[in-house]
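Okay, here's what each chain looks like letter by letter:
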There are 4 protein chains.
Amino acid sequence: MRVFTTTVGHGAELTCYVQDPSEELALKARPAVLVLPGGGYFFTSDREAEPVALAYLAEGFNAFVLRYSTGADAPFEQSFDDAKAALAWLRASADDLHIDGVAAVGFSAGGHLAASLATAATNKPDALVVGYPVTLAEFGPPIGKDILDIPSLVTGETPPTFLFSTCDDVLVPVRNSLEFLSALAAHHVPFESHIYLLGVHGLSLAKPLTASGRADHVDEAVAQWLPDSVRFLRAVFGGFTTSGEPETYETVLARRVVGMDMPINRLLDDEAGAAALRRHAPAVAEAAPLDLSVARSSIRQLLEQGSGLVTPEAVAGLEAELTGQGK
Amino acid sequence: MRVFTTTVGHGAELTCYVQDPSEELALKARPAVLVLPGGGYFFTSDREAEPVALAYLAEGFNAFVLRYSTGADAPFEQSFDDAKAALAWLRASADDLHIDGVAAVGFSAGGHLAASLATAATNKPDALVVGYPVTLAEFGPPIGKDILDIPSLVTGETPPTFLFSTCDDVLVPVRNSLEFLSALAAHHVPFESHIYLLGVHGLSLAKPLTASGRADHVDEAVAQWLPDSVRFLRAVFGGFTTSGEPETYETVLARRVVGMDMPINRLLDDEAGAAALRRHAPAVAEAAPLDLSVARSSIRQLLEQGSGLVTPEAVAGLEAELTGQGK
Amino acid sequence: MRVFTTTVGHGAELTCYVQDPSEELALKARPAVLVLPGGGYFFTSDREAEPVALAYLAEGFNAFVLRYSTGADAPFEQSFDDAKAALAWLRASADDLHIDGVAAVGFSAGGHLAASLATAATNKPDALVVGYPVTLAEFGPPIGKDILDIPSLVTGETPPTFLFSTCDDVLVPVRNSLEFLSALAAHHVPFESHIYLLGVHGLSLAKPLTASGRADHVDEAVAQWLPDSVRFLRAVFGGFTTSGEPETYETVLARRVVGMDMPINRLLDDEAGAAALRRHAPAVAEAAPLDLSVARSSIRQLLEQGSGLVTPEAVAGLEAELTGQGK
Amino acid sequence: MRVFTTTVGHGAELTCYVQDPSEELALKARPAVLVLPGGGYFFTSDREAEPVALAYLAEGFNAFVLRYSTGADAPFEQSFDDAKAALAWLRASADDLHIDGVAAVGFSAGGHLAASLATAATNKPDALVVGYPVTLAEFGPPIGKDILDIPSLVTGETPPTFLFSTCDDVLVPVRNSLEFLSALAAHHVPFESHIYLLGVHGLSLAKPLTASGRADHVDEAVAQWLPDSVRFLRAVFGGFTTSGEPETYETVLARRVVGMDMPINRLLDDEAGAAALRRHAPAVAEAAPLDLSVARSSIRQLLEQGSGLVTPEAVAGLEAELTGQGK
């Protein structure tokens, strides 16, 4: 592994952890995480820097930690410039860094910065992971900064997002999480979210090694966020393939398109699917909006349940048509 | 264990799974779960009934499954009456059933019914667990029922709530989860929430044994909701004590009251704490609203960091006063 | 679920937990566990009875707890008769009990009894699960009983075995585990074993609910044995199938038969495989016994690594022959 | 983090991964792992090198990977010299490397080398972790080397050992594991062992990232060995303390010494404990060897159970004496 440092943006230090390629491992490129530690835009916390990079390195990623501009003299735009410059440098150096795709990973104020990249930057990361993030502009004035209001900037271009926080966070209220998630849902951005009952602000990995000796910074339940985020990122980037093409959330969703095993109400959402259903099994098409037990069944299930709404011939005809027009 | 059936409300069947008391196990009463299976208020699904009861039984709970009134002839109020009657019967029979505290656990439409108990009933459960719940009144007309709008009924009396669902649910959009969570947050109801990236509607335990042979009903990530909910319920009811008093989320939060290890900004939220701070460390009280790095530190941390804002004497004086007035 | 009691052998009580069949769940028969609690052949402990049954029920099994004969008046043979009678009754009642296959599950002395069934009985269980078992005859005299010496009774007929215990057990030394495992290995009986560093004797599920208030009876690491044993039993019985035939350890091992992806040294163990290798790639057949790096590679790997020992033609010829004679 | 390389022994390359100290993290020294990859003493596999180092780094360790001498020209003693030199260098450089204690971690032939350090070297590691290790001298001739027979070299000085392997390993039979474990048990060396039912030889972390594209090198069950080994190493080295002194397996065992909550038979193993018991509760001392239900109970339990063998006065007297002479 190479560990080295470069400078981006307004003199921000980017520490790069790049794993050795290996013929034996048969891995050419790896997904990358760009880690943005928190610290209220006043400093960048060690607790959310190298230990986080190492956690992702151990899961096969290459990792990059940005010490973006902070402090009273650095307006938000300067921090944001640094983050944009870091991402641009990663994109430009992808081959040399053996990376393929970049997730922005940020905590608290660093989560705000990562989410700014994911919403307000032209060059967006491919995925976003945020822990107990600040997302609301109202958080700016108390720290003397003019920061972006993330929920209002979400669009369909915002990348898939993973968020964790705690209901028990008194420093950054859980509203910051919920308003962001609602915006993602409104724009159909795929997301995953874990909001734990207990846990103080700033848990980082929630393990003894990031606790600085504080017992309330260790929480086994919250510590699950890291492996959960790894699973999420594999759903975005694909895993380390052992045969054929990697599976992603997009291939999973694609398998859920128009077909015989899809709920009728979802089939009706699809123009071609709805037309085919009306042609081959009109009684089903009519019943579904009125009867949820029909709507949530697949055509195949209706047949198996002996529903009088379909015949084997209708199902066969429908299958032939859908297979012809399906993937 | 006794397994027996009783009838409550409008003839609804309540199956009771009551574990044998045992001198050796030293357990007199157990928390109870009242399981409300889903099925769009048209039926109650076996997949969300006995297997769910068994999952909680194995974790030490007593379990009760209610086959509440469903179907075109049963208006929502009839289902709701059944649920209220079941809870009333559990409360009245607590001694005989060896139970101490009741959580309502519901899925999909059963989640709506459980949430109705937790918001609109006078006799509320002590905790609420909902999976991919319907919460919005707009879901009623398509199924021909007039159902409650849960988010608008949330108050500070709503019990602690655990919610899981999937972003990928096309039958009950994730908005049902997010609007409910936002209402809980607005009323300071403690909650925990897991919204997974992938997963079809109706996953139940998301294990092969509840999948009815469908591969898309098995999901290892989502299956984590059950142990997570058990941890949540133990935080509400206390665990099976091995020494002294059980710890609950309330005892955890109580330890976070006014003290030397609490962030300054939280100390300032407390009237007595703020007064003590201004008396012993006025510079800190002044700096905190202006400097987040002060606000998020505890007084003890400031001292350790060598901040010029406090002296050892000030900390000692503050500690003496807080200890005198603290827990 | 039905819970009922029957009497077998010398008046031993067998409590039966039989899950309801359900059209919706599409499960006709389930594997069964016959639970034999421990207690030094002096009693049968509640801590290793119903809670263990419930843990397996929650994972989809049907469960049966036997209170076999114990105490000073009951010689070992009487306890053994009870266990044999229980297993015979389960076999005879399989249809009515909706079961398909039986695993004997025993703890401490109950582990000895389960292992006696698995080695010395004619009608053996299909799998064996033992926790901190007594296996050595030397344990008999101190408790005034004449018990079987399990390791010396192991044969190739002994069913697949799962064993857990702790190195820290002062009541039943870990030698009881190791001598049993060595006998299994010597007779090529497939097994899985977890021996934990720490943990007192008699942990049962190692969870608060079986701890009877004793903190040293709770151990998160050891508690992993239950899900591990469930995975093991699924490898023996097959899981709950979501498509096609269930996979078992036998199907996994079968895929490891003679083929292009098997290490050369294993290929050479197979008569037909060795002959084919000598015919198509004689240099490889000669090099393997001398060079471990060849021996542990598959023929396909050698080709990919550019080893001079094989040509693409040789590999193609070998594949054709092996495929012809392979699975 | 610094990543750098040094040379030890017969020109062997030692890659050092040393985490940055951080005031904020409050960690001065970390336990170290010395990783010895496998490869049949013919090469050192990348699959068992950097990915393993990263897995332990992420858990807070500092890590060191040794590319010891291998190949036909390097006799075993040369490899062994390299390993001894690496350990000596780590001991000598402990301050500069911020390390406190060293565990040797080896796989397959590297497991043999690590076990050689732990048994036959004067300067032994503080803990041993081996995966699917070769331990029997009989493995030497086939690879043309004269290697140590580990089981026969085990003494009471051998450090605590963690071992994992698979029953299904055809390259290195499970006998290599069992004979080693039996030797450890015979010499009262604390150990933990996980032998999985299924899994080919050479699984490394058993995750996709170390599988080199081979599906049979991924196994979720076996992948559990890494976190299990981390827990084991924390029991040896102590964890990252959040308050007071770290807890180790020795402090756990110490709490199990002579006392009121220890089983009678263990109390009788202790000279002073046995004398005290005979003085205060002679009936118990007499009954224990004859009655297992007495032997396995603690004196406090006997009292609680209303056993006629003890009086409250006897227990009080015993407690006073044991507390006087106990910890």
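Everything quoted here is computed from the prediction, not taken from an experiment. One numbering rule holds for all chains: residues counted from 1, following each sequence as written. To read the labels, note that chains go from A and ligands from 1, taken in the order they are written. Residues qualify for local features only when their pLDDT is at least 70, as the model is predicted, and side-chain atom pairs are given and counted only at 80 or more; totals for whole chains, interfaces and linings, by contrast, use all residues. With hydrogens and water stripped out, all remaining heavy atoms of the structure feed into the side-chain values.

**Digging into the relation of the copies chain C and chain B**
In this comparison the copies share one frame, found by least squares on the C-alpha atoms of residues holding pLDDT of at least 70 in both. Turning chain C through 180° and shifting it by 0.0 Å along the axis lays it on chain B, with an RMSD of 0.1 Å. Both copies are brought into coincidence by an operation consistent with a two-fold rotation axis. In this assembly, 100% of the residues forming the interface of chain C have copies in chain B that are likewise at the interface, indicating an isologous arrangement. Any two residues whose heavy atoms approach within 4.5 Å are treated as being in contact.

**Let's talk about the domain arrangement of chain A**
In this document the domain limits rely on a domain assignment from an automatic tool or a database. Each assigned domain of chain A is listed with its residue range as follows: domain 1 (2–237) and domain 2 (249–322). Here domain 1 of chain A and domain 2 of chain A have C-alpha centroids that lie 42 Å from each other.

**Focus on the interface of chain C and chain B**
Across the boundary between the two partners, chain C contributes 37 residues, which contact 37 residues of chain B. Note: buried area is the sum, over both parts, of the accessible area (probe 1.4 Å) each one loses when the two are combined. For the pair chain C and chain B, the two sides together bury roughly 2,800 Å², of which 58% comes from carbon and sulfur. Per-residue buried area on chain C facing chain B is highest for E24, L25 and L209 of chain C; these three make up 23% of the total on that side. Salt bridge, as used here: a side-chain nitrogen of Lys or Arg that lies within 4 Å of a carboxyl oxygen of Asp or Glu. Joining chain C to chain B, the criterion identifies two salt bridges.

**Overview of the environment of R175 of chain D**
Residue and element names in this part refer to chain D. Within the secondary structure, R175 sits in helix α4 (residues 175–186). Separated by 141 residues in the primary sequence, R175 and A316 have C-alpha atoms spaced 50 Å apart. In contact with R175, other than residues within four places in its own chain, are L136 and E138. Here a polar contact is taken to be a pair of N or O atoms separated by no more than 3.5 Å, where protein atoms must pair a possible hydrogen donor with a possible acceptor and residues adjacent in sequence count only if both atoms sit in side chains. Looking at R175, its side chain comes within polar contact range of the side chain of E138, at 2.7 Å. Helix and strand definitions here come from DSSP, where helices need a minimum of 4 consecutive H or I residues and strands a minimum of 2 consecutive E residues; each element is numbered from the N-terminal end.

**What about the interface of chain B and chain A?**
Contacts between chain B and chain A engage 48 residues on the former and 48 residues on the latter. Summing the contributions of chain B and of chain A, the shared interface buries around 4,000 Å²; its carbon and sulfur component is 65%. If you look at where chain B meets chain A, you find five residue pairs in polar contact (both at pLDDT 80 or more). Those elements giving two or more residues to the side of chain B that touches chain A turn out to be α4 (175–186), β8 (191–196), α5 (225–237), α6 (249–255) and α7 (264–269) of chain B. Broken down by element, the side of chain B that touches chain A gets its largest block of residues, six residues, from β8 of chain B. Each residue belonging to the side of chain B that touches chain A can be placed in one class, and the counts come to 29 nonpolar, ten polar and nine charged. For this scheme, ten residues count as nonpolar: Ala, Val, Leu, Ile, Met, Phe, Trp, Tyr, Cys and Pro. Four count as charged, namely Asp, Glu, Lys and Arg, and the remainder, Gly too, count as polar.

**As for the nonpolar core**
Side-chain atoms within 4.5 Å link the members of a nonpolar core, which is a set of buried Ala, Val, Leu, Ile, Met, Phe, Trp, Tyr and Cys residues. When accessible area is computed with a 1.4 Å probe and restricted to protein chains, residues below 20% of their type maximum are described as buried, those above 50% as exposed, and intermediate ones as partly exposed. Judged by nonpolar contacts, the single largest core of 100 residues is most densely connected at L34, F64 and L66 of chain C together with L34, F64 and L66 of chain D. Beyond its immediate stretch of four places on either side in the chain, F64 of chain C contacts L14, T15, C16, V18, A32, V33, L34, V35, L90, L97 and I99 of chain C.

**Concerning the side chain of T44 of chain D**
Of note, T44 of chain D is situated in the loop between β3 (30–36) and α1 (50–57). Aside from chain neighbours lying at most four places away, what touches T44 of chain D is P37, G38, R67, Y68 and T70 of chain D.

**Comments concerning the relation of the copies chain B and chain A**
Superposing chain B onto chain A requires a rotation of 180° together with a translation of 0.0 Å along the rotation axis, leaving an RMSD of 0.2 Å. A share of 100% of interface residues in chain B that are also interface residues in chain A marks the association as one of identical surfaces.

**Examining the pairing of strand β8 (residues 191–196) of chain D**
Within a regular strand, side chains alternate between the sheet's two faces. When you tally the buried positions in β8 of chain D, you get six out of six residues, the bulk of the element. Every second residue of β8 of chain D is oriented toward a common face, with F191, S193 and I195 of chain D on one face and E192, H194 and Y196 of chain D on the other, all of them buried. Between any two strands, at least two bridges found by DSSP are needed for them to pair. Strand direction decides the pairing type here: strand β8 (residues 191–196) of chain C and β8 of chain D, joined by three bridges, are antiparallel. When the bridges of β8 of chain D are listed, S193 of chain C appears paired with I195 of chain D. For strand β7 (residues 161–166) of chain D and β8 of chain D, the ladder comprises six bridges, and the chain directions are parallel. Note that in β8 of chain D the partner of F162 of chain D across the bridge is E192 of chain D. The definition of a right-handed crossover adopted here requires that, viewed with the strands pointing away, the path from the first strand over the helix to the second runs clockwise. With α4 of chain D bridging β7 of chain D and the parallel β8 of chain D, this β-α-β connection has right-handed handedness.

**Considering the pattern of salt bridges**
Going through the model one piece at a time under the given rule, you end up with 40 salt bridges over all chains. Where K207 of chain C meets E59 of chain B, a salt bridge forms, and the shortest distance between an N and an O atom there is 2.9 Å. Taken together, the residues K207 of chain C in the loop between β8 and α5 (225–237) and E59 of chain B in the loop between α1 (50–57) and β4 (62–67) connect one chain to another. We note a salt bridge from R279 of chain C to E321 of chain C, for which the minimum N-O separation is 2.5 Å. Taken together, the positions of R279 of chain C in helix α8 (residues 271–280) and E321 of chain C in helix α12 (residues 312–325) put the pair 42 residues apart, joining distant regions of the chain. Among the residues examined, E321 of chain C registers a relative accessible area of 26% and is labelled partly exposed. Connected via shared salt-bridge partners are E59 and R234 of chain A together with K207 of chain D.

**Some details on helix α2 (residues 76–92) of chain C**
Residues and elements named next belong to chain C. The span you would expect from a helix comes to 1.5 Å times its residue count less one. For α2, which comprises 17 residues, the first-to-last C-alpha distance of 24 Å matches the rise-based estimate of 24 Å (1.5 Å per residue) to within 8%. Within the sequence span of α2, burial applies to F76, S79, F80, D82, A83, A86, L87 and L90. For α2, the angular spread of buried residues about the axis comes to 155°, placing them on one side. Summarising the contacts, the buried residues of α2 are in contact with β1 (2–8), β2 (12–18), β3 (30–36), β4 (62–67), β5 (99–107) and α3 (109–120). Within this analysis, the arc is defined by the directions that extend from the helix axis to the C-beta atoms.

**Points about the environment of F64 of chain A**
Residues and elements named next belong to chain A. Considering the arrangement of structural elements, one finds F64 in strand β4 (residues 62–67). By relative accessible area, F64 is classed as buried at 0%. As for F64 and A86, which are separated by 22 residues in sequence, their C-alpha atoms are 9.0 Å apart.

**Re the confidence of the model for chain A**
Summary statistics for chain A give a mean pLDDT of 90 and a share of 96% for residues scoring 70 or more. Per the prediction output, this complex has pTM 0.86; the corresponding ipTM is 0.84. Per-residue confidence from the prediction method is given by pLDDT, with values spanning 0 to 100.

**Looking at helix α3 (residues 109–120) of chain B**
Residue and element names in this part refer to chain B. For α3, with twelve residues, the first-to-last C-alpha span of 16 Å sits near the 16 Å given by 1.5 Å per residue. With eleven of twelve residues buried, α3 lies mostly within the body of the structure. A109, G110, G111, H112, L113, A114, A115, S116, L117, A118 and T119 are the residues of α3 that are buried. Of the surrounding secondary structure, the elements contacted by the buried residues of α3 are β3 (30–36), α2 (76–92), β5 (99–107), β6 (127–131) and α4.

**What about the packing of helix α2 (residues 76–92) of chain A against helix α3 (residues 109–120) of chain A?**
Residues and elements named next belong to chain A. Comment: axis = line fitted to C-alpha atoms, over the contacting stretch for helices; angle = value between 0 and 180 degrees taken between N-to-C directions. Close contact between α2 and α3 brings their axes to 10 Å; oriented N to C, the two are set at 70°. It follows that α2 is roughly perpendicular to α3 by the angle criterion. Like other packed secondary-structure pairs, α2 and α3 cross with a definite hand, here right-handed. Contact residues: α2 offers F76, S79, F80, A83, K84 and L87, while α3 offers H112, L113, S116, L117 and A120. Residues that form the contact of α2 with α3 fall into these classes: seven nonpolar, three polar and one charged. An angle below 35 degrees is read as roughly parallel, one above 145 as roughly antiparallel, one from 65 to 115 as roughly perpendicular, and any other as oblique. With the far helix as reference, a near helix turned anticlockwise by less than a right angle produces a left-handed crossing, and one turned clockwise produces a right-handed crossing.

**Quick word on unusual backbone geometry**
You will see that S204 of chain B, though not glycine, has its phi angle at about 50°, which is positive. Within the secondary structure, S204 of chain B is located in the loop between β8 and α5. For S204 of chain B, a relative accessible area of 0% gives the class buried. Of note, Y41 of chain C is a non-glycine position whose phi angle comes to about 60°, a positive value. Summarising the element assignment, Y41 of chain C is placed in the loop between β3 and α1 (50–57). In this structure Y41 of chain C comes out as buried when scored by relative accessible area, which is 1%.

**What about the environment of G101 of chain D?**
Residues and elements named next belong to chain D. Tracing the chain through its elements places G101 in strand β5 (residues 99–107). Look at G101 and you get buried, because its relative accessible area is 18%. Along the primary structure G101 and R30 are separated by 71 residues, whereas in three dimensions their C-alpha atoms are 7.8 Å apart. Residues within four places of G101 in sequence aside, it is in contact with P31, A32, R91, D126 and F237.

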